[in-house]
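Structure assessment
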There are 2 protein chains.
Amino acid sequence: MAQAGTVDRILDTAEVLFAQKGFAETSLRAITSKAGVNLAAVNYHFGSKESLVQAVFERFLTPFCAALDAKLDEMEASGVADTPENILGIMSRLVLGSHPEDPQRAAIFFRLSGQAYSQPQGHLREYLHQQYGAVFRRLQDHMQRAVPDVPPRELFWRVQFSLGATIFTLSGLESLKDISRNDFNMDVTEADITQRLLPFLVGGIKAPVPAV
Amino acid sequence: MAQAGTVDRILDTAEVLFAQKGFAETSLRAITSKAGVNLAAVNYHFGSKESLVQAVFERFLTPFCAALDAKLDEMEASGVADTPENILGIMSRLVLGSHPEDPQRAAIFFRLSGQAYSQPQGHLREYLHQQYGAVFRRLQDHMQRAVPDVPPRELFWRVQFSLGATIFTLSGLESLKDISRNDFNMDVTEADITQRLLPFLVGGIKAPVPAV
DNA sequence: GTATGTTTGAAACGTATGTTTTGAACGATG
DNA sequence: CATCGTTCAAAACATACGTTTCAAACATAC
């Protein structure tokens, strides 16, 4: 990343700043000055700030979803049974291991996702769902086979709940780290959290469906 | 709310707009013009925009936490057993029933909470934790008594996960409603979600703790 | 009724933002 | 070498923002 092209320098910097401060709170000047490029470069290469936001997400999610697709192929080919543990394990290993050279990258990923999801008017959320909905549905299908007793529409919501617990927790990890350090004298890492998260999610997804 | 004082008109309007569009994306001019008050009124009555944000949260959370405290008193007095179902039930009834005259109010509550939590630098998050941490700890103590087999530090995270699943889902309910309508031809309400959410959270909180 | 403290109204201030413009520098192509 | 499309740099542009100012309106107490 030392002397990458202007476009990549912008994306690298924007990614970090967006995750740190949010979209609206990050000015193009902050990005370009930190990236060492001219202010006009953003509008020249991306057209607008909003397009830059989308570009940041695409650069993140496209390889991630491709890797997830590959892992699911692999899983189907190897004939491993669909269980919540397996499916969620694939996801967590993918997130935590996708950039081993840069452990902070996973944190950025979640903070960005949290930003996108909490973005109120939600145009980014819809864009992501439309762009990457296929992988999401595939994941959901596998999960359905893992817990056939849970009705599909019930499972849809449980997957959403899982997404929420994950993104929400890991996107606000900085504050939570402090709290847990104060209240429990306990230092935690992303890997610790996911290790604790998995049983929670499995328990929730497998929970008995209450009679209507 | 027809002819309330300036302060309340500002709070009412800011609350809705903050929930709809976020803090940074909502200008004081948007608030004051929609509220029918002068632009300077915000700085006059609240000092700054940031103080207005805090005031909006205080008006929301102070009565809510007081009500929650009262419900917990009531629960302790009546000698009802501490179970995850009971504790979460109290919370959900409190949220959904706190403003029966205005059902949208619960949605606003969650969207605001989501905004506060996903606020990157998290100064609001810390403020809320510091301001209302006591009630939170009390809730956590009850939950601990409900699931004594879960170690406290493990439970801390499970409560966070639960918070995440709840706030995340209900704060982005608009988009999710559309998706669920398209994919499942299913209309949902806040009450539907909480009804589905409770078993999920209970399952997660009661999940077996994996051996280290 | 006058005086005092509080609230409102309209306008302006200073600043930061996203975007556009204009030309120069560069690199490949003919 | 000239030319053309691409990239970069500096400056300016227009606008929107939070905040401040100051006088008018208002209410309240003496």
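Quick look at the structure, then. Only a predicted model underlies this, so the values are computations on that prediction, with no experimental measurement involved.

**With respect to the protein's contact with DNA strand C**
Taken together, 15 residues lie around DNA strand C, and Leu28, Arg29 and Lys49 of chain A together with Thr6 and His45 of chain B are the ones closest in. Counting only the atoms of DNA strand C within 4 Å of the protein, the fraction contributed by sugar and phosphate is 43%. Leu28 of chain A is positioned such that a nitrogen or oxygen atom in its backbone is 2.8 Å from a phosphate oxygen of DNA strand C. At 3.1 Å from a phosphate oxygen of DNA strand C is found a side-chain nitrogen or oxygen belonging to Asn43 of chain A. Going through the elements one at a time, helix H2 (28-35) and helix H3 (40-46) of chain A together with helix H3 (40-46) of chain B are the ones with two or more residues in the surface near DNA strand C. When residues of the surface near DNA strand C are assigned to their parent elements, the largest contribution, three residues, is made by H3 of chain B.

**Some remarks on the packing of aromatic side chains**
A full pass over the atoms with the stated rule returns 19 aromatic pairs over all chains. Measuring from ring centre to ring centre gives 5.1 Å for Phe156 of chain A and Trp157 of chain A, while their planes differ by 80°; the resulting arrangement is edge-to-face. Residue class for Trp157 of chain A comes out buried when judged on its relative accessible area of 0%. The interplanar angle of 50° and the centroid separation of 5.3 Å between the aromatic rings of Phe156 of chain A and Phe184 of chain B together place this pair among those described as tilted. Placement of Phe156 of chain A in helix H8 (residues 152-171) and of Phe184 of chain B in helix H9 (residues 173-184) is noted, with the two residues assigned to different chains. Taken together through their ring pairs, the aromatic side chains of Phe156, Trp157, Phe161 and Phe200 of chain A together with Phe161, Phe184 and Phe200 of chain B make up a single cluster. Over the face of the ring belonging to Phe60 of chain A we find Arg105 of chain A, whose NZ or CZ atom lies 4.7 Å from the ring centre.

Conventions used here
- Residues numbered from 1 in each chain as written.
- Chains lettered and ligands numbered in written order.
- Predicted model: local features only at pLDDT ≥ 70, side-chain atom pairs only at ≥ 80, totals over all residues.
- Heavy atoms only, no water.
- Near = heavy atom within 4 Å.
- Polar contact = N/O pair within 3.5 Å; in protein donor to acceptor, adjacent residues only side chain to side chain.
- Helix = DSSP H or I, 4+ residues; strand = E, 2+ residues; numbered from the N terminus.
- Phe/Tyr/Trp six-rings, centres within 6.5 Å; stacked < 30°, edge-to-face > 60°.
- Buried < 20%, exposed > 50% of the residue type's maximum accessible area, 1.4 Å probe, protein only.
- Lys NZ or Arg CZ within 6 Å of the ring centre and 35° of its normal.

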